[in-house]
Amino acid sequence: MAKFEVMVGNKAVAYAAKLARVKFVSAFPITPQTTIVQYLAEMMANGELDADYVNMEGELSCQSSAMTAATTVRSFTATSGPGLLYMHHPMHMTTWARLPLVMAVVHRSTKGMQPDHMDTMSQRDTGWLMFECQNSQELLDTGIMSFKIAEDERVRLPTIFMGDGYILSYTSEPVEIPAQEEVDAFLPPYKRPYPMFPEEAEEAMKLMGQMWNPFVDPQNVWKQQQEAAMNAKTVIKEVSSEFEKWFGRSYGNGLVEEYKCENVDAAVVAMGTIASTAKTAIDQLQRDGKKVGLVAIKSFKPFPDDDFQRIGAEVKALGVIDRNVSTGTLGGITFTEIRHSLYDLDERPKTLNFHAGLRGKEVRVEDIKRMAEKTLKAARGENVTPLVEWA
Amino acid sequence: MMSKPVPLSKLDEKEFILPANSACQGCAGSIVARIVSKVIGKDMVRQEVACCGPAFGNITQPVFYGEVFEGAGAMMTGFARAFNKLGRDDIRVTGIIGDGGTIDIGFQGLSASAERNEDMLWVCYDNEAYMNTGGQRSSATTKYAETTTTPVGEFSRGKKERKKPLPILVGVHRVPYMATASVAYPEDFIGKLQYAKPVKGFRFIQVSAPCPTGWRFDPMYSVKVAKEMVLSGLWPLYEVVEGGLRITYKPKELKPVKDVLRSQGRFRHITDEEVDEIQAEVDGFWARLLEKDGGPLF
């Protein structure tokens, strides 16, 4: 039986790992991630979770050990901000080795303690899948789904599920904990992704031979990862609807969540807790008769470009909120990705961009309402400058 | 408990290393790989990191290639923990790692794995520089050696600093097993590997592996140079078992270091005073080892 408990976001993350029956956890403290591994340590101390838990000497080693452990057992690690940057080097190896490791990232700025999305954005091209969460329930649910998506044979890529630090990590709200038997039925036991045991030497050597075969196109490593990441879009949708059947909850189609987007002229686009704040802003605006909805990006990698093409054909303007910046390029990272997705449309909507919430700067309902109003103005064909602004 | 020398003839004839490789002529590292693979054999899962290993280590056991140069300790931790979790503690997680990946960039992971007493066998083949990238100085390089990043010139005498005393550093972690070995003394090396193989926990062997390419001597003399290093005290053979030190090969009298230094192009420039300085260093260290022999390391 599922049960409810009031818990902080970090505990919800720990529950996800526990319910997935992870067998290896590598831990290293960094605010605001630390209590995840503390909760897991408690769960193991109480006999609720049977896993090997290792206190590593740094995040680089956390990532490296969880990577090799994932050749054999379901593995998990977690980090934040600068810790994630320290993992960057082995993260590329984890995708090269195609190991379905799952990691939780509690967003922390790379320049300060407060949250923004620069930590995961800095890992954008490592080849990891990345799923954003808006609340603690979504963290728990997405964590469980992440294992299933990552381990799917059509995907087999390491996966990050993530949420904003402090706003989620240390804030309590009621969370439904699914029953273990139901999670077991939803998420099958871990399958070793390839031969690594000594008695499998012959098979393993063949794989190594392929890896280093000079007659194979050297670009294949990336090409295959790209195919897998693109395949993931289908798998994410499947897993999302299967999860809904089992547990009665879903987050859009798993790639984007469209909130009150029927018959709207414009939509605000956001990720993470800004999207959850935006829901209140949209409620208030629609109550006042404003025809503006919300699109929450659920999957950042793979990027839901098909969904944005569909949505872009239906609205006249999109106001994109980016909790990040790619300096030297006009506009934030999801703004750039969305404009890229929209390019092939015959009639493209106007696109506006707002840098907001960097280094933990608060993004309030009123801020989002103002952004939405500006987007509506653009939808009416009025002049709205600047195109990209710092909110 | 201690290791006992094992003659080469006692080793299984089966080879776990393919007969051809792309190592340099006279590569002592490939001797290390061959001996380790014969002793650990079919129980081995190997970790590799950036080093000459990919050139000579064509061992027919599963291997995880480590793009992560600094990650040997952590990656072997992941393997050992995961295998043990599945009840596969018969698998011997083995690293054949160069001196850079052990003593420099890999040092944090080495020390941490030793501290946690992870179940792994870490064999460092020490060629005293980053030989795979063309012979750059490492902290394992001997003082005054010329490397491509410590060239000798009007204002430079080669490497300025002493070699990092890694075996002692690992020994003071009080790991189950720590030893030095040399390709010139395979019986001693095999004995140490056979002792270490079944031991649970962290085991470390640092093997002297002279590099003709980087040290600049005729490739036919790799084993001879290694032997002279042992006989002169430049590379003492000893082991530390749970904190207790034992010299495993004791020459009656040490040969002067001068000849073995002078036989290598990398020391061609050194003066008699510089030789004397190294000699004093070696004599001092040997005297301390003799003092500690049969007793605790610290």
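Note that the coordinates shown come from a computational prediction; the quantities given were computed from them, not determined experimentally.

A word on the overall build of chain A
And step 1. A count of helical and extended segments in chain A gives 14 helices and 15 strands.
And step 2. For chain A, whose C-alpha radius of gyration is 21 Å, the value lies close to the compact-globule estimate of 21 Å for 391 residues.
And step 3. Projected onto the principal axes, the alpha-carbon positions of chain A cover approximately 70 × 55 × 40 Å.

Some remarks on the domain arrangement of chain A
Residues and elements named next belong to chain A.
And step 1. When the domains of chain A are assigned, the result is domain 1 (3–192 + 226–247) and domain 2 (256–390).
And step 2. Look at where the C-alpha atoms of domain 1 and domain 2 centre, and you get two points 27 Å apart.
And step 3. Taken together, the contact between domain 1 and domain 2 spans 26 residues of the former and 19 residues of the latter.
And step 4. At the level of secondary structure, the elements contributing two or more residues to the side of domain 1 that touches domain 2 comprise helix H6 (118–121), strand S6 (129–132), strand S7 (159–164) and helix H10 (220–247).
And step 5. In terms of residues, the side of domain 1 that touches domain 2 owes the most to one element, H10, which gives five residues.
And step 6. For the side of domain 1 that touches domain 2, a count of residues per class yields 14 nonpolar, seven polar and five charged.

Thoughts on the pairing of strand S5 (residues 102–107) of chain A
Residues and elements named next belong to chain A.
And step 1. Of all six residues in S5, six are buried; the element is thus mostly enclosed.
And step 2. Of the two faces of S5, the one carrying Val 102, Ala 104 and Val 106 and the one carrying Met 103, Val 105 and His 107 are both buried.
And step 3. Of the pairings in the sheet, the one linking strand S4 (residues 75–79) to S5 comprises four bridges and is parallel in character. Within S5, the position partnered with Thr 79 by the bridge is Val 105.
And step 4. By the bridge criterion, six bridges tie S5 to S7 in an arrangement that is parallel.

Focus: the interface of chain B and chain A
And step 1. Counting residues at the interface gives 29 residues for chain B and 32 residues for chain A.
And step 2. Here the side of chain B that touches chain A gets 10 residues from one element, more than from any other, and that element is helix H3 (residues 72–85) of chain B.
And step 3. Taken together, the residues of the side of chain B that touches chain A sort by class into 14 nonpolar, eight polar and seven charged.

Remarks on helix H11 (residues 272–292) of chain B
And step 1. Along its 21 residues, H11(B) runs 30 Å from first to last C-alpha, staying within 8% of the 30 Å computed at 1.5 Å per residue.
And step 2. Backbone geometry just after H11(B) places B:Gly294 at a positive phi near 85 degrees.

Concerning the pairing of strand S3 (residues 52–55) of chain A
Residue and element names in this part refer to chain A.
And step 1. Here S3 shows a buried face lined by Asp 52 and Val 54 and an unburied face lined by Tyr 53 and Asn 55.
And step 2. Strand direction decides the pairing type here: strand S2 (residues 24–27) and S3, joined by four bridges, are parallel. Within S3, the residue paired with Ala 27 across the bridge is Asn 55.
And step 3. In this fold, the crossover linking S2 to S3 by way of helix H2 (residues 34–45) has right-handed handedness.

Let's talk about the packing of helix H1 (residues 9–19) of chain A against H2(A)
All names here are of chain A.
And step 1. Remark: H1 packs on H2, axes separated minimally by 8 Å, with the N-to-C direction vectors making an angle of 50 degrees. Classified by the interaxial angle, the pair formed by H1 and H2 is oblique. Remark: the crossing between H1 and H2 carries right-handed chirality. Facing H1, whose interface residues are Asn 10, Lys 11, Val 13, Ala 14, Ala 17 and Lys 18, H2 presents Thr 35, Ile 36, Tyr 39, Leu 40 and Met 43.
And step 2. By residue class, the composition of the contact of H1 with H2 is seven nonpolar, two polar and two charged.

Examining the sheet that holds strand S11 (residues 292–297) of chain A
Residues and elements named next belong to chain A.
And step 1. The mixed open sheet is built from six strands, whose spatial order is S9-S11-S10-S13-S14-S15. The strands lining the two open edges of the sheet, one partner per strand, are strand S9 (256–259) and strand S15 (388–390). Taken over all neighbouring pairs, the strand axes of this sheet differ in orientation by 20 degrees on average, direction set aside.
And step 2. Running over the sheet, helix H14 (residues 365–379) touches strand S10 (266–271), S11, strand S13 (317–322) and strand S14 (350–355) and is turned about 150 degrees from S13.

As for the sheet that holds S4(A)
Sheets are built from strands that pair by backbone hydrogen bonding, the pairs being arranged parallel or antiparallel.
All names here are of chain A.
And step 1. Taken together, the seven strands give an open sheet; going across it, the order is S3-S2-S4-S5-S7-S6-S12, and neighbouring strands pair in mixed fashion. Whereas interior strands pair on both sides, the edge strands pair on one side only; in this sheet they are S3 and strand S12 (299–301). Neighbour-to-neighbour, the strand axes of this sheet turn through a mean angle of 20 degrees, independent of strand direction.

Scoring rules and cut-offs
Residues numbered from 1 in each chain as written. Chains lettered and ligands numbered in written order. Predicted model: local features only at pLDDT ≥ 70, side-chain atom pairs only at ≥ 80, totals over all residues. Helix = DSSP H or I, 4+ residues; strand = E, 2+ residues; numbered from the N terminus. Rg over C-alpha atoms; globule rule 2.2 N^0.38 Å. Domains from an automatic or database assignment. Contact = placed C-beta atoms within 7 Å. Nonpolar A, V, L, I, M, F, W, Y, C, P; charged D, E, K, R; others polar. Buried ≥ 20, exposed ≤ 12 C-beta atoms within 10 Å, placed from the backbone. Pairing = 2+ DSSP bridges. Expected span 1.5 Å × (residues − 1). Right-handed = clockwise from strand over helix to strand, strands pointing away. Axes fitted to C-alpha atoms, helices over the stretch in contact; angles between N-to-C directions. Parallel < 35°, antiparallel > 145°, perpendicular 65-115°, else oblique. Left-handed = near helix turned anticlockwise from the far one by under 90°.

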